[in-house]
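Below are the chains, spelled out letter by letter.
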Amino acid sequence: MEKTWRWFGKKDKITLDMLRQIGVEGIVTALHDVPNGEVWTVEAINDLKQYIESYGLRWSVVESLPVCESIKYAGPERDQLIENYKQSLANLGKCGVHTICYNFMPVIDWIRTDLQHPWADGTSSLYFDRIRFAYFDLRILQREGAEKDYSSEELAKVAELDKTITEAEKHDLVDTIIVKTQGFVNGNITEGDKEPVNKFKSLLALYKDIDRDALRENMRYFLSAIMPVCEEYGMNMCVHPDDPPFQVLGLPRIVTDEADIDWFLNAVDNPHNGLTFCAGSLSAGEHNDTRELARRFARRTHFVHLRSTAAMPGGNFIESSHLQGRGHLIDLIRIFEKENPGLPMRVDHGRMMLGDEDKGYNPGYSFHGRMLALAQVDGMMAVVQDEMNGK
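Residues numbered from 1 in each chain as written. Predicted model: local features only at pLDDT ≥ 70, side-chain atom pairs only at ≥ 80, totals over all residues. Heavy atoms only, no water.

Student: Could you give me a rundown of helix H14 (residues 368-388), with the residues and numbers involved?
Tutor: The end-to-end C-alpha distance of H14 is 30 Å, a good match for the 30 Å that 21 residues give at a rise of 1.5 Å each. Those residues of H14 lying buried are His368, Gly369, Arg370, Ala373, Leu374, Val377, Met380, Met381 and Val384. Each element contacted by the buried residues of H14 is listed here: strand E1 (2-6), strand E9 (301-306), helix H13 (329-339) and strand E12 (344-347). In the stretch just after H14, Gly390 is the one whose phi turns positive, near 75 degrees. (Helix = DSSP H or I, 4+ residues; strand = E, 2+ residues; numbered from the N terminus. Expected span 1.5 Å × (residues − 1). Buried < 20%, exposed > 50% of the residue type's maximum accessible area, 1.4 Å probe, protein only. Contact = heavy atoms within 4.5 Å.)

Right, dumping it as structure tokens:
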């Protein structure tokens, strides 16, 4: 597997020189300064590609070329935005960048309620607390009909939390759920927005009449439209699983489990339509076994995220170390090295440690924690290679 790293461009405090020193081979990045929906020009792509190559690295994966909301809910601008997307794909292909990680999650990308949940050893990691998320949904967002999405026990716990939660904690929930985790690159909501909750409500309203079937059809429409360009230029599209892999905020989520993955791969049955196998996102759902999913979909996987989560009682989950949790990373390496060798992979998130808070360009992305994970994964790959060679 190719060892890659998500890098957020020239503004990232983690430099390409640092990444080369720790054994990174490929870079996962994007033209983050280009507004969503605009065409990525050959000139801009080549400028960044040549900069990466000047450090002896290669631009392995685009993460991401964003799919605009209007494409997801089939707004009036959909066809023009798809044409722009096709042109960006063609330009990337002309420049020799062929793998695109994207997502089809409505409104909100990855969701956490705590960006620095403490561990006993002094490290911290990302955490999802279902009751605090329900509190945000019910009491802060005040989403219509939200009560039906929670059990009576969960509603009672939200009522109890309401008696003790502080205004600062409420602000932190908003900041974590819909600002910091969404706005750091190409987000719908950014740090400068004055009324993020109201803006978020307006985005949710766009999906009022969009259910799972409608969102699936919109994804099929998008993929069908871009596949001819993918075939012409050798572009591999790989969708990221929903994170977390279950329904939230009344929004449909359509890449959550084996049945969902099977559906979109068959809806547009083309080898260029594939999966980003994110072990962390998938393992956050107790309904998923990452090993079984890897065995089933390895040949249609174009990119791998090696991270792991630990499911906890009550629907909570936490980012675990890369050697623990439900990700089963060494088993995944065995499967992918056998079934689809040479895939780009990147370690993701991990523990914040040794002053990482001052080094990451965005929340939840450590330097030392990911560097440790890269060394661990490198060791796992060496073990697997020895096994395959009969040593």
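Once the structure has been displayed, the description carries forward.
Student: Residues and numbers for the side chain of Arg143, please.
Tutor: One can find Arg143 in the loop between helix H5 (130-140) and helix H6 (152-164). At 2.8 Å, the side chain of Arg143 and the side chain of Asp149 are in polar contact. (Polar contact = N/O pair within 3.5 Å; in protein donor to acceptor, adjacent residues only side chain to side chain.)

Student: Run through the packing of helix H9 (residues 212-233) against helix H10 (residues 258-267), naming residues and quoting values.
Tutor: To describe two helices that pack against each other, one gives the angle between their axes and the distance between the axes. Where H9 meets H10, the axes come as close as 10 Å, and the angle between the chain directions of the two elements is 40 degrees. The orientation of H9 relative to H10 falls into the category oblique. Regarding H9 and H10, the two cross each other, and that crossing is right-handed. Of the residues in H10, those in contact with Arg212, Arg216, Glu217, Met219 and Arg220 of H9 are Ala259, Asp260, Trp263, Phe264 and Ala267. (Axes fitted to C-alpha atoms, helices over the stretch in contact; angles between N-to-C directions. Parallel < 35°, antiparallel > 145°, perpendicular 65-115°, else oblique. Left-handed = near helix turned anticlockwise from the far one by under 90°.)

Student: Requested: an account of the environment of Lys157, with residues and values cited.
Tutor: Its place among the elements puts Lys157 in helix H6. When the C-alpha atoms of Lys157 and Glu63 are compared, they prove to be 38 Å apart, with 94 residues separating the residues in sequence.

Student: Please set out the pairing of strand E6 (residues 124-128) residue by residue, giving values where relevant.
Tutor: Among the five residues that make up E6, five are buried, leaving the element largely enclosed by the rest of the structure. With three bridges connecting them, strand E5 (residues 114-118) and E6 associate as antiparallel partners. If you follow His117 over to E6, its bridge partner there is Ser125. With antiparallel pairing between neighbouring strands as the criterion, E5 and E6 make up a hairpin whose turn holds five residues, including Gly122 at a positive phi of roughly 95 degrees. With two bridges connecting them, E6 and strand E11 (residues 317-319) associate as antiparallel partners. Of the residues in E11, the one forming a bridge with Phe128 is Phe317. (Pairing = 2+ DSSP bridges.)

Student: Please give an account of the pattern of salt bridges that cites residues and values.
Tutor: The full count for this structure, using the stated rule, is 35 salt bridges. Across the pair Arg346 and Glu63 runs a salt bridge whose closest N-O atoms are separated by 3.0 Å. You can see Arg346 sitting in strand E12 and its partner Glu63 sitting in strand E3 (residues 58-63), a full 283 residues away along the chain. Glu63 shares its class with Arg346; the two are buried. Linked through salt bridges whose partners overlap, the residues forming this network are Asp289, Arg291, Asp331, Arg334 and Glu387. (Salt bridge = Lys/Arg side-chain N within 4 Å of Asp/Glu carboxyl O.)

Student: Can you lay out the environment of Ile100 for me, pointing to particular residues and giving the numbers?
Tutor: Checked against the element boundaries, Ile100 lands in strand E4 (residues 99-102). Ile100 gets classed as buried once you look at its relative accessible area, which sits at 0%. Contact partners of Ile100, with chain neighbours within four places excluded, come to Val62, Leu65, Tyr85, Leu89, Leu92, Met235, Asn236, Met237 and Cys238.

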